[in-house]
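Descriptive structure summary
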Amino acid sequence: MKDVNLKDFAFTGIERGEIADLRTLDANDKHRILHAGVDVDSANASAVFMHMDQSTVHCKSRDPGLELLDFNVAMKRYDNLPEYAWKLIDRDKDEFTKNVAGNTHGGYFIRTKPGAKIAKPVQSCLFLKADNAGQNVHNIVVVEEGSEVHIMTGCSTAHGSTHAAHLGITEFYVKKGGKLTFTMVHNWGENATVRPRSVGVVEEGGVFQSNYVLMNAVGTLQMYPAIYLNGRGAIARFNSIIVTPKGSHVDTGSRVIMNAPDTRCEIIARTITTGGTNIARGHIAGHAVPCRGHLECKGLILGGGQMLAIPELDATVEGVDLSHEAAVGKIAQDEIEYLMARGMDEAEATSTIVRGFLNVDIMGLDGPLAKAIQEQVEQIDSGAM
Amino acid sequence: MLKIEDLRVSIGEREVLRGIDLHIKEGETFILFGPNGSGKTSLLMTLMGFSGYTVTGGKITFRGQDITHMPMFERARLGIGMSFQRPPTIHGLKTRHLVQMCARGREIDPEAMAARVNFVDFLERDINSGFSGGEIKRSELLQLMAQKPSFVLFDEPESGVDLENMQLIGKVVRRLLDGEVDLPPGACAKPLKCKLRTSGLIITHTGYILDYINADRGQVLYEGHLCCEARPRDILEHIRSFGYQECIKCLNEPSGLTPLDVTRTAS
């Protein structure tokens, strides 16, 4: 992991006023956050949240089944959220958690009503605009019993060159029979330092589905979100798409701990390095039976860089069913020629194979986000081939 | 349509085609016979333009254009299509998506096309992933239907196919070669059909495909040389009775009167 000196960033004094209508953002910012999967012009949202530099600038729920508050407002309103805040993550875990705990700028508190099926996704955007800004956010998501919600969160800097740090704590609570789909798209730049710290708990029959997309350069990013399946029949799935261009240092993984019988999990990562360093971790632990988990990490090196895959399985009881598959390879010539025989030129054929490899369709995304991802896939090839 | 002149091809150091001359006319279906390792597949691969098949001499002309060294995708766009015998699996690429890409922007109905090769259930599957022999053939035909080439290369359309599938595949191959066209009402089909017929070069071991298609001409490829031009059924019959041994004699026959010709004259 690259060393980070938090003194290089200003963690105070970069406040922003409320932005009542996000459509008034300037075109560049809009474009940047669109590439982080957030379309402010879209009406397809049950709630909209935006945090810019060190302030929550927009926070509105449009669905009666969904509560959305700025983190600090929620802390005040609910007596410091004793059930939820800092319950899954130790505030003294590392210098980044300490930094956030000492001066939380904001973040979202999202809670569904029991049984509420929120039809439209929650749109959230964490944005770094000022140079040298340090951002401390804390997010809490509570999916009450039998409810369902999809959160789409995009994190972005204003420019590919913005020098900034994002530190984010996120705690997920998926209660009995609840379902959370959490899609996160990162659109940083080569001078961004990113340290998310995320942990979640899933109760009986609950489902946690994570989609993560990182297609652009990031200076240094390290995260290892963990989900605890504590109730019978709970399910966790992680799908990640990670591309590391030259100059990127990315150390990420997903971790699932199965503590109850009949739990299942799947961690699937597709990574491409076009010159950067990519450490792809994965960890599945089985502490109750029956439980089943599969970890899959496939990587491609296109033109340079390093790929280090570290899959781990930890079983402590007889009868667990855990497996992993890791591979680092290249685009096969016979696949390219197969498509060229159908009339595609080499760039088209490569982009089609890369898109398939990245398994974008598995996330079931559509609209501008799917389009933005497609555009970025095409850029990978032109840069690398 | 396709003219091959004194074509010589090597794979690495090994010469696999040693001076091939072949002319396939517009709308004609040509059958290529030959034992394993005779260079049949190499000829198809070279015509399509695969890497690894180095043309060391001769010339390939397609519709008047020299394509000897043309990139594969340009040949495809000119109208050459190929049915692969062992196509690679491409993970994450849905059959439906590939079929659409084969059409290159032309309006097509993948569902209706897939229905014709009994392949609708496979449209959402990754291309070639876990496909059986018959499924690969149907998938290849579906892609060719979408691509609509004017000249098709078939590498053993019957290999690895059970009898039930063979009938379906045979019919679809025939339809492809006959040129599919929705005639305007009252139009005379015959002249139009002749014009729209797709040309084809088909490799066959067993000859089963001959039960379904109208093959015009055939020839045997043996150790990189073409020989024994005759009607495909006669060649097949001859090979069934005598094997390919006769081809050696034929190659050494200076008169040009091949054993096959002899058989035919005698009968």
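Residues numbered from 1 in each chain as written. Chains lettered and ligands numbered in written order. Predicted model: local features only at pLDDT ≥ 70, side-chain atom pairs only at ≥ 80, totals over all residues. Heavy atoms only, no water.

**Some words on helix H5 (residues 346-358) of chain A**
Residues and elements named next belong to chain A. Formally: Strands are runs of DSSP state E lasting at least 2 residues, helices are runs of H or I lasting at least 4, and numbering of each runs from the N terminus. Here the expected span of a helix is defined as 1.5 Å times the quantity of residues minus one. For every residue, the accessible area (1.4 Å probe, protein chains only) is compared with the maximum for its type, and the residue is labelled buried under 20%, exposed over 50%, or partly exposed between those bounds. As used in this structure description, the phrase polar contact means that two N or O atoms lie within 3.5 Å; if the pair is within protein, one of them must be able to donate a hydrogen and the other to accept it, and residues adjacent in sequence are counted only when both atoms belong to side chains.
A rise of 1.5 Å per residue sets the reference length of H5, with its 13 residues, at 18 Å; its end C-alpha atoms lie 18 Å apart and thus fit the reference within 8%. For H5, the complete set of buried residues consists of Ala 349, Thr 350, Ser 351, Thr 352, Ile 353, Val 354, Arg 355, Gly 356, Phe 357 and Leu 358. Capping the start of H5, Asp 345 holds a side-chain oxygen 3.2 Å from the backbone nitrogen of Ala 347, two or three residues further along. Backbone geometry just after H5 places Asn 359 at a positive phi near 65°.

**Here's the deal with the interface of chain A and chain B**
Put simply, the test is: Here, two residues are considered to be in contact whenever any of their heavy atoms come within 4.5 Å of each other. A quick way to say it: buried area is the sum, across both parts, of accessible area lost when two parts are put together, with a 1.4 Å probe. By convention in these notes, a salt bridge is any Lys or Arg side-chain nitrogen within 4 Å of a carboxyl oxygen on Asp or Glu.
At the junction of the two partners, chain A supplies 19 residues and chain B supplies 29 residues. Contact with chain B buries area across many residues of chain A, yet Glu 337, Tyr 338 and Arg 342 of chain A alone supply 37% of it, more than any other trio. Here chain A and chain B share three salt bridges between them. Linking Arg 77 of chain B and Glu 348 of chain A is a salt bridge whose minimum nitrogen-to-oxygen distance equals 3.1 Å.

**Details of the state of the cysteines**
In plain terms, the rule: Disulfide: a pair of cysteine sulfur atoms within 2.5 Å of each other.
Using the criterion set out here, one finds zero disulfides over all chains in the structure. Its sulfur unpaired, Cys 265 of chain A is 7.8 Å from the next cysteine sulfur, which belongs to Cys 291 of chain A.

**Some words on the pattern of salt bridges**
Should their charged atoms come close, side chains of opposite charge can pair. Enumeration over the complete set of coordinates arrives at 25 salt bridges over all chains. When the shortest N-O distance is used, the salt bridge between Asp 251 of chain A and Arg 281 of chain A registers 2.7 Å. With a gap of 30 residues between them, Asp 251 of chain A in strand S15 (residues 249-258) and Arg 281 of chain A in strand S17 (residues 277-286) connect regions that are remote in the sequence. The class for Arg 281 of chain A is partly exposed, based on a relative accessible area of 30%. With a shortest N-O distance of 2.8 Å, Arg 217 of chain B and Glu 28 of chain B are connected by a salt bridge. Of this pair, Arg 217 of chain B sits in strand S11 (residues 217-222) while Glu 28 of chain B sits in the loop between strand S2 (14-24) and strand S3 (29-33), and the two are 189 residues apart along the sequence.

**Focus on the pairing of S17 of chain A**
Residue and element names in this part refer to chain A. Definition in use: Two strands are said to pair when DSSP picks up at least two bridges between them.
For S17, a buried count of eight out of ten residues is recorded, marking the element as mostly surrounded by other parts of the structure. Direction of pairing for S15 relative to S17: parallel, over a ladder of ten bridges. Looking at the pairing, His 249 lines up with Thr 277 of S17.

**Some points on the packing of aromatic side chains**
Two descriptors summarise a pair of aromatic rings, namely the distance from one centre to the other and the angle between the planes of the rings. The cut-off we apply is this: Within 6.5 Å between ring centres, the rings of Phe, Tyr and Trp (the latter by its six-membered ring) count as paired, and their orientation is classed by plane angle as stacked under 30 degrees, edge-to-face over 60, tilted in between. Remark: a charge is flagged as sitting over a ring if the NZ atom of Lys or the CZ atom of Arg is within 6 Å of the ring centre and within 35 degrees of the ring normal.
Counted by the stated rule, this structure contains twelve aromatic pairs over all chains. With a centroid separation of 4.8 Å and an interplanar angle of 75°, the aromatic rings of Phe 172 of chain A and Phe 182 of chain A are classed as edge-to-face. Of this pair, Phe 172 of chain A sits in strand S8 (residues 164-174) while Phe 182 of chain A is found in strand S9 (residues 179-187), placing the two residues ten residues apart along the sequence. Looking at Phe 182 of chain A, the relative accessible area reads 6%, which means it is buried. Where Phe 50 of chain B meets Phe 84 of chain B, the ring centres are 5.5 Å apart and the plane angle is 70°; that geometry is what we call edge-to-face. Of this pair, Phe 50 of chain B sits in the loop between helix H1 (40-48) and strand S4 (54-62) while Phe 84 of chain B sits in the loop between strand S6 (80-83) and strand S7 (90-94), placing them 34 residues apart in sequence. Here Phe 50 of chain B and Phe 84 of chain B have matching classes, each one buried. Three or more aromatic residues link up through ring pairs in this structure, and these residues are Phe 172, Phe 182, Phe 208 and Phe 238 of chain A. Sitting over the ring of Tyr 224 of chain A, Arg 255 of chain A keeps its end group 4.3 Å from the ring centre. Between Arg 270 of chain A and the ring centre of Phe 357 of chain A, over which it is positioned, the NZ or CZ distance is 5.9 Å.

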